[in-house]
Amino acid sequence: MQLKIEFPRYAEHSDIVSCVSWNNTEEVLSCGDDHLLMKWNLITGDSQKVCELPNEVFPLDFHSFSRNIGGRKQTQEQLLITSSDGRFHLVGKSGRIEKSVDAHKGAVLVGQWSPDGSSLLTGGEDGNLKIWSRSGMLRSLAVQGTGVPVYSAFWSSDSTQVLYTQGKHLVIKPLTPNSKSNRWKAHDGLILKVAWDHVNGRIISGGEDCRYKVWDMYGTPIFSSLLHEHSITSLAWSPSGDLFAVGSFNTIRLCDKSGWSHCLEKPATGSLYCIAWSTDGTQLAAGCANHKLLLAHIIGRKVEWGQFEGLTTGRKSVVVHDVLSDGSDALEFSERVIHLALAYKHLVVVTTTQAYIYSTSNFNTPIIIDLREGSVSNVLLSDKHLVLVERTSLSVYNFEGRLLSSPRWASLNTATLNPSHITLGPDTIAARDQADERLIQVLDISGKDIGGPIQHSCGVMEVGLSQGGKTNLDILLAFVDKTRDLFISTVYTRPTAFRRIDKLGSIVQSFKWNSALNIIAAMQDSSLILWYYPFILFVDKRMTKKTAVIKDASEFGHRPRLMSFVDNYIGIQRSDGAIINSGVSPYVGLLHGYASTNGWKEALRLCRMVQDEALWSCLAIMATQAKDIETAETAYAAINFYDKVLYIQHIKQNPIKAVRLAEMSLLGGNIQEAEMILLQNGMIFRAIMSNINTHNWERALEIAVRHKTHIDTVLYYREKFMERLEKPETNEKFKELRANVDINAEQVEKKVAKEYEMEKEKS
Amino acid sequence: MSYRDLRNFTEMIRSLGFVRLVSMENFRTPNFNLVADILIWLIKRFDPEANIHEEYTSEQDRVLLVRSAAEFMALRANLILNTKRLYQADGFSVKELLKIATLLYQAQQANIDDEQNLNRPATDMIDINSHIEELKLSRELATQVTTKGASIYESLGKEVELKEERYQSVSNFLELNKVEKALKETNFATKQNIESTKGFIENVAATENSLDSKIEKKKSELERNQKRLQTLKKVRPAFLEEFEKLEVDLQMLYKDYINKTRCLCYLEQVQEENAIAEQERMFKRQRETRKMMEELQLEDARKLMEDDESLDVLADNVPQKAVGRLRTATAARARLATGRKKVYGGMNADDDSNSLDSDSEFFLDDVDGEDSSILGSNDDLKGIASESKSDQSDDDF
């Protein structure tokens, strides 16, 4: 990734440019010591003087905020300008100063709107940090004068905490009273600038010790840069949180979120006092000490899928390279390219007003979609569909460019939707609720809710839908919660059953589903784990470990991140930015293929050839799920599960097919399905017995009462059970019935024996 | 002291290239060492030869330093510094230092702008290649120096002759007006020339540009068309499948046809051969029948001759002998009777001459005619001819 820098020549400030900000994606506002507020239009290439500030106002910091009022189109923009004379000014869109407030003694060094726009903070040379209401009324004195100037401060994403600098220290202070703040020594020199990413929660800081450092939201160091020649004067996160820019004297650097540098440019600009990203994250502007405005856009963004590679080579051009045939196609667009996504044999290029869908087989004729709003922040692709996340809506398209739906739910706010909080699977969309972080909304492609949202016990950090499977029932949702535990949940359910959720692993840093199969890979602690058949969790928890393969991840270094899992290859990015490909056994894919086409013979042959326990375990569970008795028996025998083999042999002896099927579902852990099969085939006695055997007493009694048979049998077994436990009966229902029905042990035993005989006769 | 002054000052010091990094916090507490360092450095930047007191260990030294610096700036740059503030060495001294720094910074900025405008590419590319070019240039220059030297030497040699001419021309009286006019004219002409050339040059650049853009456009067009061609090539037109199927059918049919023609040819050839063989066989039979006929005639003739033996034997004897020698084996029986040989020879000669003729019937008729003239017994011969005719008709089929 590179920065392409240019300096607009059509106008110039006559003094230092100290603050810049983006008005929209094509307009930059800048302000400097010459008291001019200028507006630069990048498309038409002209600039305009918005207003001239009073002579005593030397702006130091500058933050614009646009908020929607009522309707969609109406926005009110307000600029917050802080100045060296200890005041801050609220400036309207037209450039009129609406309010000037005396805020600090000495210069006001920083001013920022909160993310929700309800309040603003200012920090001054006197060491105070103050929170003001929207109209400029003092709300609270967050930090009282320590005498150390607050050079920089930043809101947290939820507007409940403030991060500020205090000499060589960084402090995170919650705004709720009497709460303890987190303070740590961050640099060896004075900290001049700090920025807090609202997507990943990471913090960057830079100061006079000529380093920039990356921290997580608890103050744990992630990265510390090399020594620069001069102090770091400006920092800014990109809106998507995957990049940040660092400015210093004659230096601008573009870095990845883990700290390593993408590129370094040395323009002759003097110090960069302020860096601002455009909302689409493709351009940035910076104010320079040599009176110039620096504009840069990012080129060289790269996407990869299978044999194809897409690369933005300019503002309006993309080159697609086919590695196998060594051919490449240059795609030119009439507008700026904002987003690029390549997956599932399709390339989607989003420009400012249109989206182009290319099939990888033909790059000459794209399908063009006109965007509804023209500000796409994210693109998700699945096998058949794509989702565009725009400023106020989600849209689902198919690859022919037809709009299928625009899913909505109550708390949806796409402007702040975190990319790791939404996922697209085959025919399914899942997203973490933005109002309640413990909820996951699950919708199908047409925008309909599927069985209500998934409720978890604590905050969900990352979600992912599986891409494989034949039917909707095979789709699984994986999510990582705040404690970094990985959970798996079913998405679609049979009509009577409930969704099932279970924990798969803990301390999971990142996870990824395979692009075509239901295999999940995760970075767990210091190893890479592959679960060959995560569904096993709902079948036999004991065997989960058997189907998992653990690889040592020491070669991937510290904090590796899973980037992709396509076919047999896992792409892992190390903390230094190197991408390492790791191979996965191809046999798993083959086995999944055979299982989905009921090719059990081939599957057996494959397992015999490979002789891998994990594969055998997968096969055993797959066969049990598909109710293929012979294969399951062989597979269980191969992994020494004698109890299962014996049980299967017991099943085989039973002559009635329905019973066999029911028993197989029991073996597969589907008690409800087994019961349903039995009831449908009129074997009420069996259904009751299976419930008794699984200690599902209430259900057994319910069936018995409903069909008016064997009530005494249930009661008899329950009594025996309670006697064995040496406890009195506590269930009201049983107590009540016990009083009405009398039980004769002999008679019950006889009845049961008679039932079994009758069954035999029937067959 | 203000934040802005500090910020601007650090920036200027940085861009002027001060050896150490200056922090924003350095001036919060009095720090004379730093202020003195910066002051001395700034003045040295201003004039490396400047004569100021460079020590600041004792109080006296410090006062001296501040005073000499202020004096120097007042004299050289017309800048009045507040010595009291400087001596304070805190935030207020920054304001004073800023005055000097601003002066230098502005000068540098102006300089940089000029440089950027003038020779940006030259400063951008500093590497070994440019030096290589310099080497080449210097070599060229060296050769030029020698050639120039040689030419100078030559012209100096001519000096002796030219001296006289020069003196002569100098001594000539020149009319000033005329000279001025001529000069003006030539001046004007050259100016016009220059302007027209300039115009040409500009035009060349413009046309070059337009041509370049045209080439670019054509190239992109070509590329697009090629792409389109490729896609078109990929597309199969309608009926192509049917066409291919028919082509295969046709191929089959053609093969069939070739096969049949070959068979036909072969059969025709066989037929021809058969016809030839047939003809030969026919000839053979004809010959045999003729032979038989002759024999019959001979028989008849012998019978006749037996009747007229006494008359003709002597007359025919000599020629009959010569022929008889040639045909010894064939006419074994004829040797027995001398009279028979004579007749045979005469007939044989006739037969040879006629055998060239292919028409057998005609030949037979001829034989008839001749024979009749020779033999003179028409009745018998006719009977034989009719017989042979019937034979022939049998053989034909």
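Residues numbered from 1 in each chain as written. Chains lettered and ligands numbered in written order. Predicted model: local features only at pLDDT ≥ 70, side-chain atom pairs only at ≥ 80, totals over all residues. Heavy atoms only, no water.

## What to know about the packing of aromatic side chains
The geometry of an aromatic ring pair is captured by two quantities: the separation of the ring centres and the angle between the planes.
All names here are of chain A.
Here comes step 1: Considering all chains together, one arrives at 25 aromatic pairs over all chains under this definition.
Here comes step 2: With a centroid separation of 5.7 Å and 80 degrees between ring planes, the pair formed by tyrosine 212 and phenylalanine 244 is classed as edge-to-face. One end of the pair, tyrosine 212, is in strand β20 (residues 212–215); the other, phenylalanine 244, is in strand β23 (residues 243–248), with 32 residues separating them in the sequence. Each member of the pair, tyrosine 212 as well as phenylalanine 244, carries the same accessibility label: buried. (Phe/Tyr/Trp six-rings, centres within 6.5 Å; stacked < 30°, edge-to-face > 60°. Helix = DSSP H or I, 4+ residues; strand = E, 2+ residues; numbered from the N terminus. Buried < 20%, exposed > 50% of the residue type's maximum accessible area, 1.4 Å probe, protein only.)

## Some thoughts on the sheet that holds strand β19 (residues 203–207) of chain A
All names here are of chain A.
Here comes step 1: Pairing within the open sheet is antiparallel, and its 4 strands lie in the order β18-β19-β20-β21. Taken across any chain shown, the strands that pair with only one partner, and hence form the sheet edges, are β18 (191–196) and β21 (221–224). Strand-to-strand, the axes of this sheet are offset by a mean angle of 20 degrees, without reference to chain direction.
Here comes step 2: Alignment of β20 against β21, held across 3 bridges, turns out to be antiparallel. Each bridged residue has a counterpart across the sheet, and for lysine 213 the counterpart in β21 is serine 224. (Pairing = 2+ DSSP bridges. Axes fitted to C-alpha atoms, helices over the stretch in contact; angles between N-to-C directions.)

## Description of helix α2 (residues 32–46) of chain B
Here comes step 1: The first and last C-alpha atoms of α2(B) sit 21 Å apart over 15 residues, in line with the 21 Å expected at 1.5 Å per residue.
Here comes step 2: Burial in α2(B) covers these residues: B:Phe32, B:Leu34, B:Val35, B:Ala36, B:Ile38, B:Leu39, B:Ile40, B:Trp41, B:Leu42 and B:Ile43. (Expected span 1.5 Å × (residues − 1).)

## Description of the sheet that holds strand β36 (residues 362–370) of chain A
All names here are of chain A.
Here comes step 1: As summarised here, the arrangement of the 4 strands in space is β33-β34-β35-β36, forming an open sheet in which the pairing is antiparallel. With one partner strand each, in any of the chains shown, β33 (337–343) and β36 form the two edges of the open sheet. On average, each strand axis in the sheet is tilted by 20 degrees relative to the strand beside it, whichever way the strands run.
Here comes step 2: Relative to strand β34 (residues 346–351), β33 runs antiparallel, the two being bridged by 6 bridges. Within β34, the residue paired with valine 337 across the bridge is threonine 351.

## Focus: the UniProt feature "repeat: WD" (unreviewed entry) in chain A
Residues and elements named next belong to chain A.
Here comes step 1: The feature "repeat: WD" (unreviewed entry), as given by UniProt, occupies residues 10–50, 101–133 and 184–217 in the numbering adopted here.
Here comes step 2: Taken end to end, residues 101–133 has its terminal C-alpha atoms 12 Å apart, with 0% of it in helix and 58% in strand.
Here comes step 3: Summarising residues 184–217: 0% helix, 50% strand, and an end-to-end C-alpha distance of 12 Å. (UniProt positions renumbered as here; feature names shortened; annotations may be inferred.)

## Quick notes on unusual backbone geometry
All names here are of chain A.
Here comes step 1: With a phi close to 65 degrees, aspartate 427 is a non-glycine residue in the positive phi region.
Here comes step 2: On the secondary structure map, aspartate 427 appears in the loop between β41 (422–425) and β42 (428–432).
Here comes step 3: A residue is classified by how much of its surface remains accessible, and aspartate 427, at 31% relative accessible area, is partly exposed.
Here comes step 4: Even without glycine at this site, aspartate 567 takes up a positive phi of about 50 degrees.
Here comes step 5: Topologically, aspartate 567 is positioned in the loop between β53 (561–566) and β54 (569–573).

## Looking at the nonpolar core
Here comes step 1: Within the largest apolar cluster, 63 residues are counted, with the highest numbers of intra-cluster contacts made by A:Leu486 and A:Tyr636.
Here comes step 2: Looking at this core element by element, the count peaks at 9 residues for helix α3 (residues 613–626) of chain A.
Here comes step 3: Aside from chain neighbours lying at most four places away, what touches A:Leu486 is A:Ala478, A:Phe479, A:Val480, A:Asp502, A:Lys503, A:Leu504, A:Gly505, A:Val508, A:Phe511, A:Ile520, A:Ala522 and A:Trp531.
Here comes step 4: The next biggest cluster of nonpolar side chains, apart from the first, holds 38 residues, and it includes B:Ile13, B:Ile43, B:Ala69 and B:Met73. (Core = buried A, V, L, I, M, F, W, Y, C linked by side-chain atoms within 4.5 Å. Contact = heavy atoms within 4.5 Å.)

## What about the confidence of the model for chain B?
Residue and element names in this part refer to chain B.
Here comes step 1: In the predicted model, chain B carries a mean pLDDT of 78, and the fraction of residues at 70 or more is 73%.
Here comes step 2: Confidence, expressed as mean pLDDT per element, reaches its minimum in chain B at helix α12 (residues 360–375) with 46 and its maximum at helix α8 (residues 176–234) with 93.
Here comes step 3: For residues 337–346, every residue scores under 50 in pLDDT, and the model assigns this stretch 23 contacts once sequence neighbours within four places are set aside.
Here comes step 4: Per the prediction output, this complex has pTM 0.69; the corresponding ipTM is 0.75. (pLDDT = per-residue confidence, 0-100.)

## A few points about the interface of chain A and chain B
Here comes step 1: Each partner contributes to the interface: chain A provides 30 residues, whereas chain B provides 19 residues.
Here comes step 2: For the pairing of chain A and chain B, the buried interface totals around 2,000 Å² over both sides, and the portion due to carbon and sulfur atoms is 51%.
Here comes step 3: The interface formed by chain A and chain B contains 3 salt bridges.
Here comes step 4: For the interface between chain A and chain B, the tally reads 8 residue pairs in polar contact (both at pLDDT 80 or more).
Here comes step 5: Class assignment of the residues belonging to the side of chain A that touches chain B gives a composition of 15 nonpolar, 9 polar and 6 charged. (Buried area = accessible area lost by both parts, 1.4 Å probe. Salt bridge = Lys/Arg side-chain N within 4 Å of Asp/Glu carboxyl O. Polar contact = N/O pair within 3.5 Å; in protein donor to acceptor, adjacent residues only side chain to side chain. Nonpolar A, V, L, I, M, F, W, Y, C, P; charged D, E, K, R; others polar.)

## Some words on the side chain of A:Lys257
Here comes step 1: Position of A:Lys257 among the secondary structure elements: in the loop between β24 (251–256) and β25 (261–265).
Here comes step 2: Once residues within four sequence positions are removed from consideration, A:Lys257 is found in contact with A:Asn200, A:Arg202, A:Val214, A:Trp237, A:Gly241, A:Asp242, A:Leu243, A:Phe244 and A:Arg561.

## Description of the confidence of the model for chain A
Here comes step 1: With 98% of its residues at a pLDDT of at least 70, chain A reaches an overall mean of 87.
Here comes step 2: Contacts of residues 69–74 of chain A to residues separated by more than four positions or lying in other chains number 5 contacts, the stretch itself having pLDDT below 50.

## Here's the deal with the pairing of strand β47 (residues 486–490) of chain A
All names here are of chain A.
Here comes step 1: Counting buried positions along β47 gives 5 out of 5 residues, so the element sits mostly inside the fold.
Here comes step 2: Residue alternation in β47 divides its side chains into two sets, Leu486, Ile488 and Thr490 and Phe487 and Ser489, and both sets are buried.
Here comes step 3: Bridge count for strand β46 (residues 476–481) against β47 is 5 bridges, and the pairing is antiparallel. Opposite alanine 478, over in β47, you have isoleucine 488 as the bridge partner.
Here comes step 4: Between the end of β46 and the start of β47, which pair antiparallel, lie 4 residues, with arginine 484 showing a positive phi angle near 60 degrees.
Here comes step 5: Relative to strand β48 (residues 501–505), β47 runs antiparallel, the two sharing 4 bridges. Residue pairing in the sheet places leucine 486 in a bridge with glycine 505 of β48.

## With respect to the packing of helix α10 (residues 711–725) of chain A against helix α11 (residues 732–740) of chain A
Residues and elements named next belong to chain A.
Here comes step 1: Across the interface, α10 lies against α11 with an axial gap of 11 Å and an inter-helix angle of 115 degrees. Seen from above, α10 lies across α11 with left-handed handedness. Contacts between α10 and α11 involve Ile711, Val714, Leu715, Arg718 and Glu719 on the former and, on the latter, Phe734, Leu737 and Arg738.
Here comes step 2: Classifying every residue of the contact of α10 with α11 by side-chain character gives 5 nonpolar, no polar and 3 charged. (Left-handed = near helix turned anticlockwise from the far one by under 90°.)

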